[in-house]
Amino acid sequence: MSLRQEAARLGIQAEYVDALGQRRKVSGRAIDSIVRALQAGSAATGVPGPRPIGPPVREAFQGPAGRWWLLAVQLYGIRSRRNWGHGDFSDLLALIELAAEAGAAGVGLNPLHALFDDPPDQPSPYSPSSRLFLNPLYIDLDAIPEFEGQRTAEMTATIERLRRSELVDYAGVAALKLRSLRAAHQAFLQHAAPARRDDFAAFCRSRNPALARFAAFEVLRGRFAQPWWTWPSEWRSPSESATERLRAEAGDELGFHEYVQWVADRQLMRCRDRARALGLPIGLYVDVAVGVRADGFDAWNAPDTVVRTLSLGAPPDLLNTAGQDWQLAGFSGVGLQAQAFAPFRDMLRASMRYAGAIRLDHVLGLKRLYLIPAGLRPDEGAYVRMPFGELLDVTAEESAARHCIVIGEDLGTVPRGFRAQVARFGIWSYRVMLFERDAAGDFLPPADYAERALVTFTTHDLPTFAGWRTRHDLAVRETLHIPAGETHAARAQAIAALDTALRRQGCPACDFAAVAGYLAASPARLLAIGLEDVLDLRDQANVPGTIDQHPNWRRKLPAELERVRDDPRLAAIARVAARHGRNARAPDNAETARGT
């Protein structure tokens, strides 16, 4: 069988059309590398032909009737008078209260997945070790019963220093929190109340065997300090008996990691339950990352369903003319099929457990993944076909079973007919105003937005409103020597086009409140308002194409959460949303939400 035939058998596309309209042929070197990578796992049996996408088995959950708005935040960057220099679940609890007071339907969050706590200089929430477990840096130590009375004067001084830092000091926060979590765990072992012990045991039973394996992985990662594929063969894919032997050898270490996940789960569940008690129609809206670290837990735990030797990315487009390499590992379509999609279901359930809505980052990956072999440039990758129909069925089924709306981030190089196919399964679209323009460059009017969609002005990878309008993002990219994908002249035309669009809608000013009103007037069921835009911040959370050249995922809000509550700019946005029928506190809306 020729290389091209084998590539076709494995679902590799030998050529494609990129977002710039250019037809690209994949090199033989790239195809050979991708073939070898896929043959190394369960994909060696081949990818089945594309299944005709017929009527969905079940439509995804559509949520309570009505049009709502969400307050979107980067939780790690929340300042408060009580956190430890990194936003935590008690801050989230306060944000839920704030959202309820403002008439919002919930709070939108960056991914809360488990990361590596070392090295602390890789804090991207979109590069997780595991999408099944939570990041312990979001734990509020002061809310753990076992930690009560363990604060020292030295710790308090350290917390004050971490709290005052301009950027999140991940190394300092991680060191202090992990040390304190160990102290809390020891107190739990020594004198926890029976109810606490019973609840911990119930949590472990409900999350095993994955929880026990996650704890084992964390212990082994500390023991070997190398990528898992270099570990002794016994530990690359240990049996249950080997894991139990490790538990006996390691003392309380596995129990410690299980304890940490239990605490994180219970604190986040408290937030979910509080949102429900307040009658928020959505509650938590949580992002789900598109992939995982190749050296992380998920890739180790299910090596036949995660292709660790190929990196996810995207071909060249207007904003990233060289293409993108995300340095993440993605699912193997055939590996998922061989396991009846269980790992994919587990990933969905892990986030749906807490959320009223989730956003699947790069939902285009359900149809095809752009994979880049090691050593090649981002524009030298190739698309590999995924079992699209089956993945849509599973997503809709889990959504309906868990009463959780699913929003697909469908930006980038979108295949023809993709959005219509996804919509048939009840999965909502993700519409970013910056991209919603016609061929002449005019912004689409609010009436042109889809009903089953979440609309927003920008994303974490794009400039804030203030940054975009002042062209601050272009200046940053120039300083970093990163192609902007847009000239200053083109930006000036875009700003003029926005001003024209706002005036046509009768907006007296061209500020962010006017933009919020423009989007609020659309039929879209959900509107996400970024807290950075409310506070007129110019810097965006992440500049794609940079790692350590820019403080990505480190910026804190300039104001403490306690002050944001009384900020007149937030009150103005709440009034704008209410004027367009998006107030979750209105009697009619509240009644609708309670009735579903």
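What counts, and at which threshold
Residues numbered from 1 in each chain as written. Predicted model: local features only at pLDDT ≥ 70, side-chain atom pairs only at ≥ 80, totals over all residues. Heavy atoms only, no water. pLDDT = per-residue confidence, 0-100. Contact = heavy atoms within 4.5 Å. Core = buried A, V, L, I, M, F, W, Y, C linked by side-chain atoms within 4.5 Å. Buried < 20%, exposed > 50% of the residue type's maximum accessible area, 1.4 Å probe, protein only. Helix = DSSP H or I, 4+ residues; strand = E, 2+ residues; numbered from the N terminus. Polar contact = N/O pair within 3.5 Å; in protein donor to acceptor, adjacent residues only side chain to side chain. Pairing = 2+ DSSP bridges. Expected span 1.5 Å × (residues − 1). Arc of directions from axis to C-beta.

We now examine the confidence of the model for the chain. On average, residues of the chain score 93 in pLDDT, and 95% of them are at 70 or above. When the criterion is pLDDT under 50, residues 590-596 qualifies, and its contacts beyond four places in sequence or with other chains add up to eight contacts.

Generally speaking, a soluble globular protein has its nonpolar side chains buried in company with each other. In terms of nonpolar packing, the biggest core is built from 194 residues, with Trp 69 and Leu 92 touching the most fellow members. Examining the composition of this core, we find that eleven residues originate from one element, helix α10 (residues 253-277), more than from any other. Beyond its immediate stretch of four places on either side in the chain, Leu 92 contacts Leu 75, Val 107, Leu 109, Leu 268, Cys 271 and Leu 284.

A negative phi angle characterises most non-glycine residues, just as the trans form characterises most peptide bonds. At the junction of Asn 208 and Pro 209, the peptide bond is cis and its omega measures out at 5° in the coordinates. For Pro 209, the location among the structural elements is in the loop between α6 (194-207) and α7 (210-224). The backbone phi angle of Ala 340 is positive, close to 55°, even though this residue is not glycine. Mapped onto the secondary structure, Ala 340 falls in the loop between α12 (333-338) and α13 (342-352). Phi at Asp 536 is positive, roughly 60°, even though this residue is not glycine. Within the fold, Asp 536 resides in the loop between α20 (531-534) and α21 (561-564). For Asp 536, a relative accessible area of 42% gives the class partly exposed.

Below, the discussion takes up the side chain of Ser 124. For Ser 124, the location among the structural elements is in the loop between β5 (113-114) and β6 (130-134). Within polar-contact distance, the side chain of Ser 124 engages the side chain of Trp 553 at 3.4 Å. Leaving out residues up to four positions away in the same chain, Ser 124 has contacts with Leu 115 and Trp 553.

Once that is clear, we can look at the sheet that holds strand β10 (residues 324-325). The four strands are arranged β10-β9-β13-β14 in an open sheet whose pairing can be described as antiparallel. Lying at the two open borders of the sheet, with one neighbouring strand each, are β10 and β14 (382-385). Pairing of strand β9 (residues 310-314) with strand β13 (residues 368-373) involves three bridges; the strand directions are antiparallel. Residue pairing for β13: Ser 311 is matched across the bridge by Ile 372.

With that out of the way, let us pick up helix α22 (residues 568-579). Taking 1.5 Å as the rise per residue, α22 with twelve residues should run 16 Å; its terminal C-alpha atoms sit 16 Å apart, in good agreement. All of the buried residues in α22 are Leu 570, Ile 573, Ala 574, Val 576 and Ala 577. Buried positions in α22, seen along its axis, are confined to an arc of 160° and lie on one side of it. With respect to the buried face of α22, the exposed residues turned more than 90 degrees away are Pro 568, Arg 575 and Arg 579. Buried residues along α22 sit against β3 (68-73), α3 (89-102), α19 (512-520), β18 (526-530), α20 and α21. With a side-chain oxygen lying 2.8 Å from the backbone nitrogen of Arg 569, the N-terminal cap of α22 falls on Asp 567.

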